[in-house]
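Descriptive structure summary
What follows is each chain in one-letter form.
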Amino acid sequence: MHGNIEKISKDYGCSMGAAALLARHIQDLEADWAYARDFINDRCIARVPKGSQDLLAKGGKGYYRWQFYLRAAFFNPAILRLITNDFFAKFGWLLRDDAVQLAGVESASTPLLTAFALEASRCGHPVNVFSIRKAAKAYGRLNWIEGIPTDRPVLLVDDLVSDKHYTMLHAMKVLDDHQIPMINHVYAALYKTPNPTDAIERKGRVYRVSHVFSLNDFDLLFEDYESRKRFVIINAGNA
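All values reported here derive from a predicted model rather than from experimental measurement.

We now examine the overall build of the protein. Looking only at helices and strands, the protein has seven helices and nine strands in total. Residues counted as buried form 40% of the 239 residues belonging to the protein. Counting contacts in the protein only where the partners sit at least 6 residues apart, residues at least 24 apart contribute 62% of the total. Approximately 13700 Å² of the protein is accessible, and the part contributed by carbon and sulfur atoms is 54%.

Let us now look at the environment of D177. In this fold, D177 is placed in helix α6 (residues 166–177). Taking the relative accessible area as the measure of exposure, D177 reaches 52% and is therefore exposed. Each C-alpha atom of the pair D177 and W144 lies 9.9 Å from the other, and the pair is 33 residues apart in sequence.

Under the 1.5 Å per step criterion, the end-to-end length of helix α4 (residues 77–96) is only 24 Å for 20 residues, more than 12% shorter than the ideal 28 Å. Within α4 the residues assigned to the buried category are I79, L80, L82, I83, T84, D86, F87, F88, F91, G92, L94 and L95. One or two steps after α4, the chain reaches D98, where phi turns positive at roughly 55°.

Take the confidence of the model for the protein next. Averaged over all residues, the pLDDT of the protein is 89; the fraction at 70 or higher stands at 89%. Considering only residues more than four positions removed or in separate chains, one finds that residues 233–237, a stretch of pLDDT under 50, has zero contacts.

Okay, the environment of D158 next. The residue D158 is located in strand β6 (residues 154–162) in this model. Judged by relative accessible area, D158 falls into the buried class, the value being 4%. Here the alpha-carbon distance between D158 and M168, two residues ten residues apart in the chain, equals 8.1 Å. For D158, the contacting residues outside a window of four places in its chain are A108, S109, L112, T167, M168, Y187, A188 and A189.

Quick look at unusual backbone geometry now. Between E106 and S107 the backbone carries a cis peptide bond, its omega angle lying at -10°. Along the chain, S107 falls in the loop between β3 (101–105) and α5 (110–122). Notably, L142 is not glycine yet its phi reads approximately 55°, a positive angle. Tracing the sequence through the fold places L142 in the loop between β4 (129–132) and β5 (145–146).

With respect to the secondary-structure elements, R133 resides in the loop between β4 and β5. A polar contact of 2.9 Å, which involves the side chain of R133, links it to the side chain of E146.

A word on the packing of aromatic side chains. Centre-to-centre distance and the angle between the planes together describe a pair of aromatic rings. A full pass over the atoms with the stated rule returns twelve aromatic pairs. When the ring of W66 is compared with that of F68, the centres are 5.7 Å apart and the planes differ by 80°; the resulting orientation is edge-to-face. The exposure class assigned to F68 is buried, which follows from its relative accessible area of 11%. Their ring planes at 10° and their centres at 4.1 Å tell us that F87 and F116 sit as a pair that is stacked. Residue F87 is located in helix α4, and its partner F116 is located in helix α5; the two are separated by 29 residues in the primary sequence.

With their axes 10 Å apart at the nearest point, α4 and α5 run at an angle of 60° to one another. As judged from the angle between their axes, α4 and α5 are oblique. Handedness of the α4/α5 crossing: right-handed. Of α5, the residues touching α4 (which contributes L80, R81, I83, T84, F87, F88 and L95) are P111, L112, A115, F116, E119 and A120. Taken together, the residues that form the contact of α4 with α5 break down as ten nonpolar, one polar and two charged.

Moving on to the pattern of salt bridges. Evaluation of the coordinates by the stated rule reveals 14 salt bridges. For D98, the salt bridge identified is with R152, shortest N-O distance 2.8 Å. Here D98, found in the loop between α4 and β3, pairs with R152, found in the loop between β5 and β6; they are 54 residues apart in sequence, far enough to count as distant. Residue R152 is classed as partly exposed on the basis of its relative accessible area, which comes to 28%. Residues R133 and E146 are paired through a salt bridge, measuring 2.9 Å at the closest nitrogen-oxygen approach. Note that R133 is positioned in the loop between β4 and β5 and E146 in strand β5, a separation of 13 residues in sequence. Assessed through its relative accessible area of 28%, E146 is described here as partly exposed.

Here is what the cut-offs are and how they apply
- Residues numbered from 1 in each chain as written.
- Predicted model: local features only at pLDDT ≥ 70, side-chain atom pairs only at ≥ 80, totals over all residues.
- Heavy atoms only, no water.
- Helix = DSSP H or I, 4+ residues; strand = E, 2+ residues; numbered from the N terminus.
- Buried < 20%, exposed > 50% of the residue type's maximum accessible area, 1.4 Å probe, protein only.
- Contact = heavy atoms within 4.5 Å.
- Areas by Shrake-Rupley, 256 points an atom, 1.4 Å probe, with all protein chains shown as cover.
- Expected span 1.5 Å × (residues − 1).
- pLDDT = per-residue confidence, 0-100.
- Polar contact = N/O pair within 3.5 Å; in protein donor to acceptor, adjacent residues only side chain to side chain.
- Phe/Tyr/Trp six-rings, centres within 6.5 Å; stacked < 30°, edge-to-face > 60°.
- Axes fitted to C-alpha atoms, helices over the stretch in contact; angles between N-to-C directions.
- Parallel < 35°, antiparallel > 145°, perpendicular 65-115°, else oblique.
- Left-handed = near helix turned anticlockwise from the far one by under 90°.
- Nonpolar A, V, L, I, M, F, W, Y, C, P; charged D, E, K, R; others polar.
- Salt bridge = Lys/Arg side-chain N within 4 Å of Asp/Glu carboxyl O.

This is how it looks when you write it as structure tokens:
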């Protein structure tokens, strides 16, 4: 620990006391990340053995080996706080400068957008937030957007961005159709790809995906998860 503090002091050009506080903060963040990762890994992924037909694929075309069910994680205050802290560490300066508004596709993005809006207000930098419908409302104004967009460019937020980017591409099209500009970054709690440096490309623009987790952080297959659990139990027994 002492060696880490000396390294932090040297790297950041700060006093040993400030470095000690930063080291403790880093430890806390790592512990929070590990808690969130284990919660999702243990409680928010449905897995089935090879050959199982218990997880029907979208459109009825085959079967999945695993599938995320993230809503339980985003109703967990500790995990929501971790994601909020990560978002503000990366994009808080844009909110402080009143440079963006936030939006996401209903309804998975709603817990995150609400948490970010509350934190922005608490910090004295309220941000405008609106949601994008999956389909236009079938009655009334037939609207695609819920809320009141401003003239600020949008930073899109979602719980999960897949490697096909379907939800984000849908959101971008709706924003384009309403002549609402976007910045070249999007934010997701989970980037559902083993290549988390991949970007979204659309109409000649590149959108970087900032995230907390990627597929590399989880045991996706039933066999891998069971093997890791046995390994943990065996090692706990030998401790």
